[in-house]
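Coordinate inspection notes
Next come the chains, spelled out residue by residue.
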Amino acid sequence: MSDSFDIAIVGAGPAGGHAALSAVKSGLRVVLLDEQAAAGGQVWRCKSTSIVSAPMTPESLAGNTLRKALAESAVTHHHDTRVWDIRREDDQWQLQILKNAKSSQIHARSLILATGAREHVQPVPGWTTPGVIGLAGATALFKQSLTLPGKRTVVSGTGPLVFYVASEIRRLGGTVAAVVTPNSRTDWARVLPAMALQPKLVARGALWVADLMLAGAPILWGHAVSRVSGHDHATGVATRNLARGTDGPSIEADSVCLGHGLIPNIEAAQMLGVPIRHDPALGGWVPEAEPDGRTPVEGLYLCGDGCGIRGVTAAGLQGTLVGARVARDLGKSSPKPSLRPWQRAARFGQAMTALSLPRPDLEALSTDDLILCRCESLTRADIIAEIDTGAASTNAVKSGRRACMGPCGGKYCQSVIATLIADRTGKDAKDIPPPTPRPPLRPIPLGQAAGAFDYDDLPIPKPAPL
Ligand SMILES: Cc1cc2nc3c(=O)[nH]c(=O)nc-3n(C[C@H](O)[C@H](O)[C@H](O)COP(=O)(O)OP(=O)(O)OC[C@H]3O[C@@H](n4cnc5c(N)ncnc54)[C@H](O)[C@@H]3O)c2cc1C
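Per an unreviewed UniProt entry, the chain carries the name FAD/NAD(P)-binding oxidoreductase and comes from Celeribacter arenosi.

See the structure below:
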């Protein structure tokens with residue numbers, strides 16, 4: 001397959017989906033690419049086709065609306081499609097994609113990256129024990145296959161997601177052993193003014209908490225999971241009261257959901273030369289982009305959580321803004337939507353992000369034998385040893401120890417490693433950028449990257465003169 005479009009969009013979540021719908025109205029040829037089986041992104045993830053019927057939720061309703069609108073539009077949607085490399089050649093964007101195990105190219109005049117976010121898990125002893133899954137990862141299980149993480153689950157983490165996950169576990173018939181959240185009630189009180197901007201979401205959140213209280217599930221405010229017990233499988237957790245610095249209750253469970261906020265997926269933007277800056281209020285390192293998506297790189301636009309964690313409502317609204325902006329830049333007359341609804345939604349989203357930021361008191365729970373880089377089985381002690389020999393950047397730790405070079409490409413460990421470098425060297429977090437991203441952006445079979453070739457055609461370098 002080799003195709004040419006006016007606009008290529010990577011990511012069919014709320015941001016990319018709405019950008020596509022907004023741009024295609026101007027008669028432009030728009031292609032939407034996503035590795036998932038259907039549009040919807042993380043938050044509006046589609047149910048697996050093997051599930052015949054399931055009660056509707058606000059997320060599945062919103063996802064169905066987006067999927068229907070895309071199906072009825074002129075947008076070309078390639079699902080199950082990984083974008084693994086992007087280059088700029090002859091004023092065109094050239095995207096390498098992998099679909100049905102075959103690599104091919106897509107060309108476009110403009111490119112919108114709507115690559116979303118991934119979750120951050122602050123490692124604690126036992127976090128790699130089977131039975132422990134990510135908090136955001138758990139939502140993928142519920143939404144896609146209505147599967148529970150276990151029978152009796154400790155749900156632990158920061159921000160609102162912890163209450164959503166606990167309430168979904170109950171709705172699907174599981175037991176919540178406890179909710180353990182490092183946030184205190186005071187943390188929540190601080191974000192009340194921003195919460196008032198989205199009363200419907202606040203009401204929904206209040207119902208989640210009320211349901212847990214009625215079910216008698218303990219909510220440990222200001223506590224963290226300090227250790228997951230069990231060898232072959234999780235059998236429970238130990239907790240820590242963060243304010244008092246004392247041990248909290250131990251809780252028996254066969255599964256643990258653990259998560260501490262989201263990190264923007266910036267690798268594609270960074271690889272294409274968009275400057276990045278450190279902004280903790282937006283989830284860490286973010287690429288430079290205007291609210292309407294423009295970046296300092298010509299023809300390249302960004303929207304959604306991939307350019308700062310502002311949440312689902314802001315992601316969709318920004319997608320609409322960006323789609324219209326790109327259409328105008330390509331010479332079409334497209335309406336200029338107001339920025340205000342996006343600004344309002346972004347304020348709410350950022351307040352939720354503020355609750356979810358990594359906390360230094362959780363880092364203190366780490367031990368030296370803790371695995372930080374799961375792909376390469378590197379412990380905290382291994383990384384510290386590398387830093388202490390002079391590796392003062394994530395790139396240096398990567399070259400020295402292969403951290404960030406496994407299948408996850410550093411998605412799990414790079415921010416934890418950056419924090420450790422900051423601690424050991426006394427540098428500021430803003431002076432420790434993520435490692436240089438390189439293709440493939442997503443794992444692909446090596447043969448697809450090499451393409452078709454004949455060994456006889458390979459240039460063989462002449463022997464070096466003696
Ligand atoms: C695992 C997870 C679960 C979440 N669950 C919730 C929730 O239940 N409720 C809530 O309010 N918020 C949730 N969030 C936050 C939520 O994702 C965002 O606020 C919202 O979805 C952002 O929309 P987006 O369009 O910017 O990104 P996303 O919805 O993340 O969409 C980005 C899309 O880009 C695709 N993509 C990225 N890179 C590539 C590539 N190289 N090739 C092909 N496709 C690519 C991804 O497959 C994804 O579908 C979750 C986040 C995560 C990471």
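Moving on to the pattern of salt bridges. If you walk through the whole model with that rule in mind, you get 23 salt bridges. Connected via shared salt-bridge partners are Asp-187, Arg-190, Arg-359 and Asp-361.

With that settled, consider the domain arrangement of the chain. By domain assignment, the chain separates into domain 1 (2-118 + 263-352), domain 2 (121-260) and domain 3 (366-431). Relative to domain 3, the C-alpha centre of domain 1 lies at a distance of 31 Å. Contacts between domain 1 and domain 3 engage five residues on the former and five residues on the latter. At the boundary of domain 1 with domain 3, total buried surface from both sides reaches about 430 Å², with 57% on carbon and sulfur atoms.

Turning next to the site of the ligand. Residues in close proximity to the ligand total 31 residues, the closest being Ala-15, Asp-34, Gln-42, Lys-143 and Asp-305. Taking Pro-14, its main chain carries an N or O atom lying 3.2 Å from an oxygen atom of the ligand. A distance of 2.8 Å is found between an oxygen atom of the ligand and a side-chain nitrogen or oxygen belonging to Asp-305. Across the complex, the protein chains shield 92% of the 980 Å² of accessible surface that the ligand would expose by itself. Among the elements of the structure, helix H1 (14-24), strand S4 (81-89), strand S7 (117-119), helix H3 (135-145), helix H4 (161-171) and helix H9 (312-329) are those that each provide at least two residues to the shell around the ligand. Classifying every residue of the shell around the ligand by side-chain character gives 13 nonpolar, 11 polar and seven charged.

Each aromatic ring pair is specified by the distance between its two centres and by the angle formed by the two planes. A full pass over the atoms with the stated rule returns four aromatic pairs. Considering the side-chain rings of Trp-127 and Tyr-412, the 6.3 Å spacing of their centres and the 50° angle between planes classify their relative orientation as tilted. Taken together, the residues span a long stretch of sequence, with Trp-127 in the loop between S7 and strand S8 (132-134) and Tyr-412 in the loop between helix H13 (394-401) and helix H14 (414-425) at a distance of 285 residues. Members of the aromatic cluster, connected to one another through ring pairs, are Phe-163, Trp-188 and Trp-221. We note Arg-374 situated over the ring of Trp-127; from NZ or CZ to the ring centre the distance is 4.8 Å. Taking NZ or CZ as reference, Arg-374 lies 6.0 Å from the ring centre of Tyr-412, over its face.

Residues annotated in UniProt with the feature "domain: FAD/NAD(P)-binding" (unreviewed entry) correspond here to residues 5-319. Overall, residues 5-319 shows 27% helix and 32% strand. The separation of its end C-alpha atoms is 18 Å.

In this section: H14. If you check H14, its first and last C-alpha atoms are 16 Å apart, about what 12 residues at 1.5 Å a residue would give, namely 16 Å. Of all the residues in H14, the buried ones are Gln-414, Val-416, Ile-417, Ala-418, Leu-420, Ile-421 and Ala-422. Note on H14: the residue one or two positions beyond its end, Gly-426, has a positive phi of about 75°.

Before going further, it helps to spend a moment on a nonpolar patch on the surface. Taken together, the side chains of Phe-453, Tyr-455 and Leu-458 define a hydrophobic patch exposed on the protein surface, amounting to about 350 Å² of accessible area. Position of Phe-453 among the secondary structure elements: in the segment after helix H15 (446-450). Residue Phe-453 is classed as partly exposed on the basis of its relative accessible area, which comes to 45%.

Attention now goes to the pairing of strand S2 (residues 30-33). The side chains of a regular strand alternate, residue by residue, between the two faces of the sheet. Here S2 shows no split at all, with Val-30 and Leu-32 on one side and Val-31 and Leu-33 on the other all buried. Pairing of S2 with strand S3 (residues 76-78) involves three bridges; the strand directions are parallel. Bridged to Leu-33 within S3 is His-78. Handedness of the S2-helix H2 (residues 58-71)-S3 crossover: right-handed.

Attention shifts here to the nonpolar core. Grouped together as the largest cluster of nonpolar side chains are 40 residues, with contacts concentrated most on Val-154, Val-225, Ile-251, Ile-383, Val-397 and Ile-417. Among the elements that make up this core, the one with the highest residue count is H14 (six residues). Formed jointly, this core draws a minimum of three residues from each of two domains, domain 2 (121-260) and domain 3 (366-431).

Cut-offs used in this document
Residues numbered from 1 in each chain as written. Predicted model: local features only at pLDDT ≥ 70, side-chain atom pairs only at ≥ 80, totals over all residues. Heavy atoms only, no water. Salt bridge = Lys/Arg side-chain N within 4 Å of Asp/Glu carboxyl O. Domains from an automatic or database assignment. Contact = heavy atoms within 4.5 Å. Buried area = accessible area lost by both parts, 1.4 Å probe. Near = heavy atom within 4 Å. Polar contact = N/O pair within 3.5 Å; in protein donor to acceptor, adjacent residues only side chain to side chain. Areas by Shrake-Rupley, 256 points an atom, 1.4 Å probe, with all protein chains shown as cover. Helix = DSSP H or I, 4+ residues; strand = E, 2+ residues; numbered from the N terminus. Nonpolar A, V, L, I, M, F, W, Y, C, P; charged D, E, K, R; others polar. Phe/Tyr/Trp six-rings, centres within 6.5 Å; stacked < 30°, edge-to-face > 60°. Lys NZ or Arg CZ within 6 Å of the ring centre and 35° of its normal. UniProt positions renumbered as here; feature names shortened; annotations may be inferred. Expected span 1.5 Å × (residues − 1). Buried < 20%, exposed > 50% of the residue type's maximum accessible area, 1.4 Å probe, protein only. Patch = residues over 30% accessible without salt bridge, like charges linked within 9 Å, V, L, I, M, F, W, Y side chains within 5 Å. Pairing = 2+ DSSP bridges. Right-handed = clockwise from strand over helix to strand, strands pointing away. Core = buried A, V, L, I, M, F, W, Y, C linked by side-chain atoms within 4.5 Å.

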